[in-house]
Amino acid sequence: MIVTTKNLFKVAYGNYAIGAYNINNLEQAMGLFRGNVESKAPFIIQISKGARSYTHKKMLEGLILSANEVFPEAIFAVHLDHGDEETCYDCINSGFYSSVMIDASHEPFDKNIEITKRVVDAAHAKGIVVEAELGMLGGVEEHVSVDEANAKLTDPRQAREFVERSGCDSLAVAIGTSHGAFKFSGTQGLHFDVLAEIQKELPGFPLVMHGSSSVPQEEVARINAAGGNLAGAKGVDDNQFAKAATLGVTKINIDTDGRLVWTRVHREYFRDHPDQFDLRPVGKIFMGEYAKFIADKNIKLGSAGSLDEVRKIVSK
Ligand code: G3H
Ligand code: 13P
Ligand code: ZN
């Protein structure tokens, strides 16, 4: 069942965070649905602009609508990740997305508000919710690349004004995470002090943490042992998700970790089966491993086991 994030966030707020997972293809879709259904968790499917153009934007819609039939017990939102204004309107008008992110975080404060408000007005007119971003994460996003020195933590004092003036439904905050597999040069971690200040300014308002892959060291070691070169890759400690949830984080974005599972499975498989060229045996292994990864991650997020409670609320 496709729902908006609004109800999901209502149930989750203060207790746990919902996993927001990026997908690009069939195998990821299958693993994602299986992992969430098996762990009884609501979830958010994230589709980036790059994912929409990987084959054709309609392909992922078709995959997800089919998965919705194959897994009738699944409860999830379909969300545009890091949208620009034009892509937001395309998704809002598609009749498929239940949520969009307008990412104008690279613009000055007032301009960010102005763009976000335009998208909010268009989305709300169709019952679609909007995530916006204030502050700037390090790492590479589709249309912006930000080095760590230029990343900007969210200013808690600006956060309330931003939400009030833009009308957005949730806010992505920069509290020290970054996109990709190489986070935290040195020993930086999450700035819980900043998060706590933001929550104080915006009590009860859903916050979003991007760049939250944990880049498991075992995964990195296996990829490197199978011919990869990801020396120095590092992520967020997922034991910190629970604390983030108590401070108002209701959505946690994870993409890179899924790519690492894919890379490990495929590198090891073809290393160990040099005579193989059928894509299905390795695809099957990946789907199983990705499902396992999702189910484990949902335990860290605290969303595992909450599906029945969520079903009661969204079916009202
Ligand atoms: O934040 C970016 C997401 O990980 C999506 O990545 O733009 O390469 O699809 P992508
Ligand atoms: P990671 O690169 O840490 O997986 O972050 C993904 C993300 O924030 C998608 O919006
Ligand atoms: Zn992101």
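Everything below is about the structure shown above.
Residues numbered from 1 in each chain as written. Chains lettered and ligands numbered in written order. Predicted model: local features only at pLDDT ≥ 70, side-chain atom pairs only at ≥ 80, totals over all residues. Heavy atoms only, no water.

### A look at the coordination of the zinc ion (ligand 3)
The reference angle at a metal is 109.5 degrees if four donors form a tetrahedron and 90 or 180 degrees if six donors form an octahedron. In the first shell of the zinc ion (ligand 3), the protein supplies His82 (NE2), His179 (NE2) and His210 (ND1), at 2.1 Å from the metal. Linear spacing of the donor residues for the zinc ion (ligand 3) on their chain is H-x96-H-x30-H. With His82 in strand β3 (residues 76-83) and His210 in the loop between β9 (207-209) and α9 (217-225), this residue pair connects regions lying 128 residues apart in the sequence. Residues His82 and His210 agree in their burial class; the two are buried. (Donors = N, O, S within 2.8 Å, 3.2 Å for Na, K, Ca; no water. Helix = DSSP H or I, 4+ residues; strand = E, 2+ residues; numbered from the N terminus. Buried < 20%, exposed > 50% of the residue type's maximum accessible area, 1.4 Å probe, protein only.)

### Some remarks on the site of ligand 2
As a structural note, the neighbourhood of ligand 2 is formed by 15 residues, with Asp81, Lys183, Ser213, Asp255 and Thr256 the closest of them. In the environment of ligand 2, an oxygen atom lies 2.5 Å from a nitrogen or oxygen atom belonging to the side chain of Lys183. Contact with the protein chains removes 96% of the 310 Å² of surface that ligand 2 exposes when unbound. Counting only elements with at least two residues in the shell around ligand 2, the list comes to β3 and β10 (249-254). Grouping the amino acids of the shell around ligand 2 by side-chain chemistry returns one nonpolar, eleven polar and three charged. (Near = heavy atom within 4 Å. Polar contact = N/O pair within 3.5 Å; in protein donor to acceptor, adjacent residues only side chain to side chain. Areas by Shrake-Rupley, 256 points an atom, 1.4 Å probe, with all protein chains shown as cover. Nonpolar A, V, L, I, M, F, W, Y, C, P; charged D, E, K, R; others polar.)

### A word on empty space enclosed by the protein
Counted by the stated rule, this structure contains two cavities of 30 Å³ or more. In this structure, the largest cavity spans a volume of roughly 50 Å³. Listing elements by their share of the lining of the largest cavity, those giving two or more residues are α1 (5-12) and β5 (129-134). Along the lines of polarity and charge, the residues of the lining of the largest cavity split into three nonpolar, four polar and three charged. (1 Å grid on protein atoms, 1.4 Å probe; cavity = no way out; pocket = protein on both sides within 12 Å on 5 of 7 lines; lining within 4 Å. Points joined across faces, edges and corners; volume = space filled by probe spheres on them.)

### Observations concerning the nonpolar core
Note on soluble globular proteins: their nonpolar side chains tend to be buried together. Phe33, Ile45, Ile47, Ile64, Leu171, Leu195 and Leu207 are the most contacted members of the largest nonpolar core, which has 70 residues in total. One finds Phe9, Val11, Ile18 and Ala77 within the second-largest nonpolar core, a separate group that totals 14 residues. (Core = buried A, V, L, I, M, F, W, Y, C linked by side-chain atoms within 4.5 Å.)

### Overview of the side chain of Asp169
Within the secondary structure layout, Asp169 lies in the loop between α7 (156-166) and β8 (170-173). In this structure the side chain of Asp169 is engaged in a polar contact, spanning 2.7 Å, whose partner is the side chain of His124. Within the structure, the side chain of Asp169 is placed 2.8 Å from the backbone nitrogen of Val130, a separation counted as a polar contact. The contacts of Asp169, once residues within four sequence positions are left out, are Lys6, His124, Val129, Val130, Phe205 and Pro206. (Contact = heavy atoms within 4.5 Å.)

### As for the packing of helix α2 (residues 26-38) against helix α12 (residues 279-301)
Running from N to C, α2 and α12 point in directions that differ by 40°, and their axes come no closer than 7 Å. The orientation of α2 with respect to α12, classified from their angle, is oblique. Pair α2 / α12 crosses with right-handed handedness. Of the residues in α12, those in contact with Glu27, Gln28, Met30, Gly31, Leu32, Arg34, Gly35 and Asn36 of α2 are Gly283, Phe286, Met287, Gly288, Tyr290, Ala291, Ile294, Ala295 and Asn298. For the contact of α2 with α12, the residue count by class is eight nonpolar, seven polar and two charged. (Axes fitted to C-alpha atoms, helices over the stretch in contact; angles between N-to-C directions. Parallel < 35°, antiparallel > 145°, perpendicular 65-115°, else oblique. Left-handed = near helix turned anticlockwise from the far one by under 90°.)

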